[in-house]
Amino acid sequence: KDRSSSMDSKELKETCLKHTMYSWGKRSAVDPLPITRTEGVYMYTPEGKKILDFNSQLMSVNIGHGHPKVVQAMKDAADGVTYVFPGTATEPRAKLSKKLAGLMPESINTFFFTLGGADANENAIRMARLYSGKQKILARYRSYHGGTNLCIALTGDPRRWGNEPGPNGIVHFFDPQPYFFSFGATEEERTEKSLLMLDEQIQYEGASTIAAIIIETVTGTNGILPPPKNYLTGLRALCDKYGILLICDEVMAGFCRTGKMFAFEHFGIVPDLVTVAKGLTASYVPLGAVCVSDKIAKHFDDHVFWGGLTYNAHAFCCEVACAVIDVYVDEKMADKAVKMGAVMRGHMERMQAKHKCVKAFRQIGLFGMMDLQNAEGELICGYNGSHPAMGALGKHFKEQGLFTFVRWSHFMCNPPLIISEEEMAEAWEIIDAGLTIVDGMI
């Protein structure tokens, strides 16, 4: 039994279920995972069962669990300023903003600190509307931008449905890679046709009414979809043509996950606003940020920014973020994502060659997903669907000590950036056996 816990797994689960609510589910169907210790790429139950974290929790614990330098920074931060109201100037706030300015493009030097990705996106939209004087926001269908009233309305996936109707002024458009149909066989075709369609939609909506377009630079939970060739440069040009701001949501893709500090660096563009969270502190503490271009920041020199929150620029959290950023830089985490991303791609290719149930996979750095198919070569279940084979796969992962998300026809492959080749092989041995189960069921 893990000495750090006074409860066994049964008591821990029963107490949590009795007194707390969980995200995105009905209480009668929730089966929480009891965890009392984490270290490196592993989690441990109260009884000491080891579970390999193959999703970095929510694509966020990029540096792995319990990094000693960050843990020590947290202890040191507790001896300093833990909290003061947002109208103060603190050293953690100053240090973190200066570090971020050094990582961002030259035109982004100002930051508004929040507690997570949703409120970062919320405030980015607020800034775009106040700056532009326009109200409409365009967002894509294959997207997730957060759980607040505004951000769940921006979100394209089915989690939006139960929260409708949402606020006015949000318009969805198609991704270059829709779920069912295709804009073309090549990346060039998909880019050209999807942007042509978006251009027409902008004209229908009226460019003079659109404040911003928000996208996940690399789509996260809805597919791990890197944009096709020249898509982002074309989107940037379209925004410039019509005087529309471009917001890149890097909440999942940022901080070395894709092999660059920020995913937009792969594609030769500079957004007007960038939102970050998750990897900003590797989820050791809650923190998010809106990264603001100079032209927008200058507007608020003389105009009130009508936004705020109690924990804006929380001193303790900012101090921890500084330590996490030092780990990314000092330990060359982006390089690790590139190196281990190539190793993971090798495993994915091997699985596709071996298992008839594997339809496709996508990977950029250590941001990846595999799609599974039925005997006819179609995705094993439809949009927002389920299939017994996917349930069996998820059960196998849980029993064999592999933590990741199985959703619709897909499963996630987003391990911490510190994962070793041996740990990667351990994960794919479990996956290999699971795909054999799926092969037998289709």
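The model shown is predicted, which means the values in this text are computed figures rather than measured ones.

Next up on the list: the sheet that holds strand 3 (residues 50-53). Overall, mixed pairing links the four strands, which are arranged 1-2-3-13 in an open sheet. The two strands at the open ends of the sheet, each matched to only one other strand, are strand 1 (37-39) and strand 13 (402-403). Direction of pairing for strand 3 relative to strand 13: parallel, over a ladder of two bridges. By the bridge assignment, L52 is partnered in strand 13 with L402.

What follows deals with the pattern of salt bridges. Under the criterion given, the structure shown has 22 salt bridges. Ionic pairing is found between K398 and D31, a salt bridge with its closest N-O pair at 2.7 Å. Remark: D31 occurs in the loop between helix 1 (9-19) and strand 1 and K398 occurs in helix 12 (residues 388-400); sequence separation between them is 367 residues. The salt bridge involving R236 is made with D272; its shortest N-O contact spans 2.9 Å.

Looking along the chain, the bond that leaves E164 and enters P165 is cis, with omega of 0°. Considering the arrangement of structural elements, one finds P165 in the loop between helix 6 (149-154) and strand 6 (170-173). In this structure, Q57 takes a positive phi of about 60° despite not being glycine. You can see Q57 is positioned in helix 2 (residues 56-59). The partly exposed category is assigned to Q57, whose relative accessible area is 23%.

In this structure, the second largest pocket occupies an estimated 450 Å³ of space. For the second largest pocket, the lining is made up of 21 residues, of which R142, P178, Y179, R362 and D371 are closest to its centre. Examining the composition of the lining of the second largest pocket, we find that four residues originate from one element, strand 11 (residues 358-364), more than from any other.

Cut-offs applied
- Residues numbered from 1 in each chain as written.
- Predicted model: local features only at pLDDT ≥ 70, side-chain atom pairs only at ≥ 80, totals over all residues.
- Heavy atoms only, no water.
- Pairing = 2+ DSSP bridges.
- Helix = DSSP H or I, 4+ residues; strand = E, 2+ residues; numbered from the N terminus.
- Salt bridge = Lys/Arg side-chain N within 4 Å of Asp/Glu carboxyl O.
- Buried < 20%, exposed > 50% of the residue type's maximum accessible area, 1.4 Å probe, protein only.
- 1 Å grid on protein atoms, 1.4 Å probe; cavity = no way out; pocket = protein on both sides within 12 Å on 5 of 7 lines; lining within 4 Å.
- Points joined across faces, edges and corners; volume = space filled by probe spheres on them.

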